[in-house]
Amino acid sequence: MKTFKDTGLLFQRYTLQMLRNPVWLFVGFSTPVLYLALFTPLLKHIAPGIGVRNGSVLEVFLPGILALLAFASGSSMGFGTIFELQSGVVERFRVTPASRFAILIGPILSGLVMMLVFDAVVVAIGVAVGFEIHWLGMLALGVVLCLLATLMAAFSTATALVTKDISSFAAVINGINLPILLLAGVLLPISIGPEWMRVVAHFNPLYYAVQASRSLAAGSFGAAAVWQAFAVLVPLCALVVTWATRVFRKAVA
Amino acid sequence: MRREGTHLEAIISTVDLRKGFTTKRGRVEAVRGVSIEVGRGEIFGFLGPNGAGKTTTLRMLTTLLPIESGSATVAGIDVARRPKQVRSRIGYVSQLGGADELATGRENLILQGRLYGGDRASVVSRAQMLMEVLDLKEFADRRVKTYSGGQRRRLDVALGIVHEPEVLFLDEPSTGLDPQNRANLWDHVRSLRSRGTTIFLTTHYLEEADALCDRLMIMDHGEIVAEGTPRDLKRQVAGDSVLLSLHDEGGGATTRARVLIAAEPYVREITDEGDHLRLYVEDGSAALPDLLRLLDGERIGLKSISLSEPTLDDVFLHQTGRSLRDAGAVTAEPAA
């Protein structure tokens, strides 16, 4: 089917572009590593105060980092879109009979593969410093992360196509991202916050992804957080991807 | 080469095409009722200043912008109803080009060919062929980032024709090219036409419209203000002007010549400008032998005679009341 073929072609193209951009690779790898190296030590001393057993700091923090990575790698996709819009690449693809869905999803899939590679590095480093790994849980966690990243990437790409220039795009995306990040308990669990924060967090999709990540990393499939995350992320993802495809189909002046 | 579009099969035709945009300062009617017919195998141009609505029209014809009202048919297919079918029959090179900088020329061409549905083997050989034809062979496996302006533009054109489209749309193809690369690009465009591709281009360079197009339309403020071959357009305006300077020691020769010439049927207007006569004729090159014979028969000595043709800028001036130069177009040689 043409959509599959086009998706494959655009996936290849995007992956090649990323591999040829060493700066991007360096930033991609160093961000999570820096978080691990420079944030975990701070947590160690306050862990008991926030209800985390001293030995399980990584069990709380590492899944948070992974969710953060998925969120950030997804929502940064739009910067590439803006560049490709301004250099005429988007238009060149749109004038071909290539599937509009493929034009959107090809790069997103490529981003997912890159993200999973970075995730593997982060987990490997975690294991080296004492993170206990639950294989099945990690696999399911991978799925949650892919859903989250796809949701954010589709949202970010569509926002880029609508805003069209880098400054308005950055303003919109940063304006939306910061509250989402702060209200999700990515770095510190939201459970230590006041009640209003815990209530507001329930309207935040990232919160569900983070909660599920922690449960899955610990190997507990049965936790309510897991099905809740799927129940929130799957329909939301479908909705946003459909919207983004429509934006590609429509005019981009 | 002159072609009359109406006698050929029309490969592009539009009826009363319109498009407006809503901006912060209100509604802008970018295209107001454009009707065109482009014959198969023509090089057809849209000439006009920036903001005249050329690109907007082009983007509607290439399925990139929805048509607001009116209709357009490209290669026999209704653009609004069946954009997908139109896409596979046309090529489009935007002002920006849009090649992947981090990929090589060859990689760009192969991907593009495959997105148009070609199988790998045929796309690979097509890419090779195009790079030979467009003098890109030496750079085929270098990243596009390292290409010069002229090389890039040729690659952009190659990307536009990788699937052998019936119509190629070029949006301001030579913007940013030096004169040499521009002439080179024109040669490539002409040879594409000679192989049967219809070319539709927009330009704000008078020289480009004049040298390259078989037929053109002059556009201003979203409307077509003139249409025809560059030759016909220029002739419509004022005709050619002829400057005559005579041996006139006694003083009577110039006056005598003026009366004589003014009686000729092909002379539209004649003025005495002191030491010389200026006359406007329909076809200067046909008028010159007649004028020489006439003056010779009356034994009026001729010091010099010169013929100057009107430019497309005169046409634009005539139609819009201002010069294309003043309208914001760059008519001088662009910077390299």
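Q: So what's going on with the overall build of chain A? Which residues, and what values?
A: Scanning chain A from N- to C-terminus turns up 11 helices and 0 strands. Written out in order from the N terminus, the α and β elements of chain A read α-α-α-α-α-α-α-α-α-α-α. Counting only C-alpha atoms, chain A reaches 60 × 35 × 35 Å along its principal axes. At a minimum sequence separation of 6, the contacts of chain A that also span at least 24 residues come to 80%.

Q: Go over the overall build of chain B, please, and point to the residues and values.
A: When its secondary structure is counted, chain B shows 11 helices and 14 strands. In terms of overall dimensions, chain B has C-alpha extents of about 80 × 50 × 40 Å along its principal axes. Burial analysis of chain B (336 residues in total) assigns 43% to the buried set. For chain B, restricting intrachain contacts to residue pairs at least 6 apart in sequence, the fraction spanning at least 24 positions comes to 69%.

Q: Explain the sheet that holds strand S2 (residues 26–39) of chain B to me, using residue names and the numbers behind them.
A: Strand order in this open sheet of 4 strands is S2-S1-S4-S5 (chain B), and the pairing throughout is antiparallel. Sheet topology places S2 and strand S5 (77–78) of chain B at the edges, where each strand pairs with a single neighbour.

Q: How would you summarise the interface of chain A and chain B if you had to cite specific residues and measurements?
A: Taken together, the contacts link 20 residues of chain A with 22 residues of chain B. At the level of elements, helix H1 (2–19) and helix H5 (89–94) of chain A are the ones that each hand at least two residues to the side of chain A that touches chain B. Its residues assigned to classes, the side of chain A that touches chain B shows 9 nonpolar, 5 polar and 6 charged.

Q: Just give me the short version of the packing of helix H5 (residues 149–161) of chain B against helix H6 (residues 179–194) of chain B, but keep the residues and values in it.
A: Residue and element names in this part refer to chain B. Where H5 contacts H6, the two axes come as close as 10 Å, and the packing angle between them is 15°. For the element pair H5 / H6, the angle class is roughly parallel. Handedness of the H5/H6 crossing: right-handed. Listed contacts from H6 to Gly149, Gly150, Arg153, Arg154, Val157 and Ile161 of H5 are Asn181, Asn184, Leu185, His188 and Leu192.

Q: A description of the sheet that holds strand S9 (residues 215–220) of chain B should follow, citing residues and the corresponding values.
A: Residue and element names in this part refer to chain B. With mixed pairing, 6 strands are arranged side by side in an open sheet as S6-S7-S8-S3-S9-S10. The two strands at the open ends of the sheet, each matched to only one other strand, are strand S6 (90–93) and strand S10 (223–228). The mean inter-strand angle of the sheet, taken between neighbouring strand axes irrespective of direction, is 15°. Note that S9 and S10 share 5 bridges and pair antiparallel. What sits directly across from Asp220, in S10, is Glu223. Against the sheet, helix H1 (residues 54–61) contacts strand S3 (43–47), strand S7 (167–171), strand S8 (198–203) and S9, and its axis sits at roughly 150° relative to S7. Sheet strands touched by H6: S3, S7 and S8. Its angle to S8, the strand with the most contacts, is close to 150°.

Q: Quick rundown of the domain arrangement of chain B? Include the residues and the values.
A: Split by domain assignment, chain B resolves into domain 1 (5–235) and domain 2 (240–309). Taking only C-alpha atoms into account, the centre of domain 1 of chain B sits 45 Å from that of domain 2 of chain B.

Q: Explain the nonpolar core residue by residue, including any values.
A: A:Ala67, A:Val144, A:Leu145, A:Leu148, A:Ala209, A:Leu233 and B:Ala158 are the most contacted members of the largest nonpolar core, which totals 148 residues. In contact with A:Ala67, not counting residues within four places along its chain, are A:Leu145, A:Leu148, A:Val186, A:Leu206, A:Ala209, A:Val210 and A:Ser213. Judged by nonpolar contacts, the second largest core, of 11 residues, contains B:Leu246, B:Ala257, B:Ile261 and B:Leu277.

Q: Could you give an account of unusual backbone geometry, with specific residues and numbers?
A: Residue and element names in this part refer to chain B. Unusually for a residue other than glycine, Ala75 sits at a positive phi of about 50°. With respect to the secondary-structure elements, Ala75 resides in the loop between strand S4 (69–74) and S5. On the basis of neighbour count, Ala75 is assigned to the partly exposed category, with 17 C-beta atoms found within 10 Å. Despite not being glycine, Glu164 shows a phi value in the positive range, around 50°.

Q: How would you explain helix H4 (residues 120–133) of chain B if you had to name every residue and give the values?
A: Residue and element names in this part refer to chain B. A rise of 1.5 Å per residue sets the reference length of H4, with its 14 residues, at 20 Å; its end C-alpha atoms lie 20 Å apart and thus fit the reference within 8%. Along H4, the residues classified as buried are Val123, Ala127, Leu130 and Met131. Angularly, the buried residues of H4 cover 95° about the axis, an arc narrow enough to put them on a single face. Along H4, exposed side chains directed more than 90 degrees from the buried face belong to Ala121, Ser122, Ser125 and Glu132.

What counts as what
Residues numbered from 1 in each chain as written. Chains lettered and ligands numbered in written order. Predicted model: local features only at pLDDT ≥ 70, side-chain atom pairs only at ≥ 80, totals over all residues. Helix = DSSP H or I, 4+ residues; strand = E, 2+ residues; numbered from the N terminus. Contact = placed C-beta atoms within 7 Å. Buried ≥ 20, exposed ≤ 12 C-beta atoms within 10 Å, placed from the backbone. Pairing = 2+ DSSP bridges. Nonpolar A, V, L, I, M, F, W, Y, C, P; charged D, E, K, R; others polar. Axes fitted to C-alpha atoms, helices over the stretch in contact; angles between N-to-C directions. Parallel < 35°, antiparallel > 145°, perpendicular 65-115°, else oblique. Left-handed = near helix turned anticlockwise from the far one by under 90°. Domains from an automatic or database assignment. Core = buried A, V, L, I, M, F, W, Y, C linked by C-beta atoms within 7 Å. Expected span 1.5 Å × (residues − 1). Arc of directions from axis to C-beta.

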